[in-house]
Amino acid sequence: MAGGNLIKSVLPSSLVAIYPGSFDPITNGHLDLIARGSRMVGRLIVSVLRNQAKQPLFSVEERLEMLVEAVKPYGNVEVAAFDGLLVDYAASRGAVMIVRGIRAVSDYELEWQMALMNRRLMPEIETVFLMAGEEYSFISSHLVKEVAELGGNVSGLVPPLVEQRLKKRIAARNA
Ligand code: PNS
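Each value, and the rule that gives it
Residues numbered from 1 in each chain as written. Predicted model: local features only at pLDDT ≥ 70, side-chain atom pairs only at ≥ 80, totals over all residues. Heavy atoms only, no water. Core = buried A, V, L, I, M, F, W, Y, C linked by side-chain atoms within 4.5 Å. Buried < 20%, exposed > 50% of the residue type's maximum accessible area, 1.4 Å probe, protein only. Helix = DSSP H or I, 4+ residues; strand = E, 2+ residues; numbered from the N terminus. Contact = heavy atoms within 4.5 Å. Near = heavy atom within 4 Å. Polar contact = N/O pair within 3.5 Å; in protein donor to acceptor, adjacent residues only side chain to side chain. Nonpolar A, V, L, I, M, F, W, Y, C, P; charged D, E, K, R; others polar. Expected span 1.5 Å × (residues − 1). Bend = angle between axes of the 7 residues up to and from the residue. Pairing = 2+ DSSP bridges. Right-handed = clockwise from strand over helix to strand, strands pointing away. Axes fitted to C-alpha atoms, helices over the stretch in contact; angles between N-to-C directions. Parallel < 35°, antiparallel > 145°, perpendicular 65-115°, else oblique. Patch = residues over 30% accessible without salt bridge, like charges linked within 9 Å, V, L, I, M, F, W, Y side chains within 5 Å. Areas by Shrake-Rupley, 256 points an atom, 1.4 Å probe, with all protein chains shown as cover. Salt bridge = Lys/Arg side-chain N within 4 Å of Asp/Glu carboxyl O.

A. Fine view of the nonpolar core. In terms of nonpolar packing, the biggest core is built from 35 residues, with Y19, I26, I34, L44, V99 and L166 touching the most fellow members. Taken together, the elements giving at least two residues each to this core come down to β1 (16–21), α2 (28–38), β2 (43–49), α3 (60–70), β4 (97–101), α6 (141–149) and α7 (160–174). With five residues, α3 is the single largest residue contributor to this core. If we skip the residues at most four places from it in the chain, I26 touches L31, I34, M66, L67, A70, V158, P159 and V162.

Spelled out as structure tokens, the structure:
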């Protein structure tokens, strides 16, 4: 990635950031963001929310397994799950930065609300928005699941392990 080494050399290696989300499942868009984030900070903690209202396709443990596999190339990235308020969790991990991805303008409103709520709750933690590569800008876990459920091809949209798991899960559900 162009500029990756330069940014790493000028940002402090003690910086810890949280990249929170549902990751149901991780997509190549998330992975691109992880690659970018990992070049900016000393440690990036990809964190899956446990107590979520949404009905997930994969359990938290399954999502963690897929994430662990996907982040293996990045030595400074770890995977974890959290409960409760994101800012409390971030503070408990020594993180001063929350990383979120922004795709189209439609992402902006919710992200803006969450960032300002998190700032109100804990002003010392900063939310930083990163943009995935344009080739990933249309990918979402939601759409990937919909396409996979309807028999479409999701290769190139998710890591290979996720593609396999999606096929298996959907076949089992339809059996
Ligand atoms: O991948 P998602 O579903 O867009 O991730 C949303 C997530 C997990 C980042 C968000 O729901 C969250 O941070 N939840 C933790 C609860 C919390 O802190 N809420 C108040 C501040 S927005």
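B. Highlighting the environment of E124. Tracing the sequence through the fold places E124 in the loop between α5 (105–121) and β5 (126–130). What makes E124 exposed here is its relative accessible area of 58%. Taking the C-alpha atoms as reference points, E124 and M97, 27 residues apart in sequence, are found 8.8 Å from one another.

C. Broad picture of the site of the ligand. In the region of the ligand, 13 residues are neighbours, and S22, K54, L86, R100 and N118 sit closest. The side chain of K54 places a nitrogen or oxygen atom 2.8 Å from an oxygen atom of the ligand. For the shell around the ligand, the elements supplying multiple residues, two or more each, are β1 and α5. Looking at the shell around the ligand, its residues break down into six nonpolar, five polar and two charged.

D. Region of the structure containing the side chain of N118. Considering the arrangement of structural elements, one finds N118 in helix α5. Those residues in contact with N118 that sit more than four places away from it in its chain are L86, V87 and I98.

E. Expanded view of α5. Relative to the 24 Å expected for 17 residues at 1.5 Å per residue, α5 spans 25 Å between its end C-alpha atoms, a close match to the ideal helical length. The largest bend in α5 comes to about 25°, at E111. Listing the buried residues of α5 in full gives D107, E111, A115 and N118. In this fold, the buried residues of α5 make contact with α4 (86–92), β4 and β5.

F. Geometry of the pairing of β1. Of all six residues making up β1, six are buried, and the element is well covered by its neighbours. The alternating pattern of β1 places V16, I18 and P20 and A17, Y19 and G21 on opposite faces, both of which are buried. Sheet topology places β1 next to β2; six bridges connect them, and they run parallel. Note that in β2 the partner of V16 across the bridge is R43. The β-α-β motif built from β1, the intervening α2 and the parallel element β2 has right-handed crossover chirality. Of the strand pairs in this sheet, β1 and β4 are connected by two bridges, and their pairing is parallel. Its bridge partner being in β4, I18 is matched across the sheet by I98.

G. Geometry of the packing of α3 against α7. One can describe the packing of α3 onto α7 by two numbers: an axis separation of 10 Å at closest approach and a directional angle of 155°. When the axes of α3 and α7 are compared, the pair comes out roughly antiparallel. Across the interface between the two elements, E62, E65, M66 and E69 from α3 touch L161, V162, R165 and R169 from α7. A per-class count over the contact of α3 with α7 returns three nonpolar, no polar and five charged.

H. Examining a nonpolar patch on the surface more closely. A cluster of nonpolar side chains, contributed by V105, Y108, W112 and L116, occupies part of the molecular surface with about 440 Å² of accessible area. For V105, the location among the structural elements is in helix α5. According to the relative accessible area criterion, V105 is exposed, its value standing at 73%.

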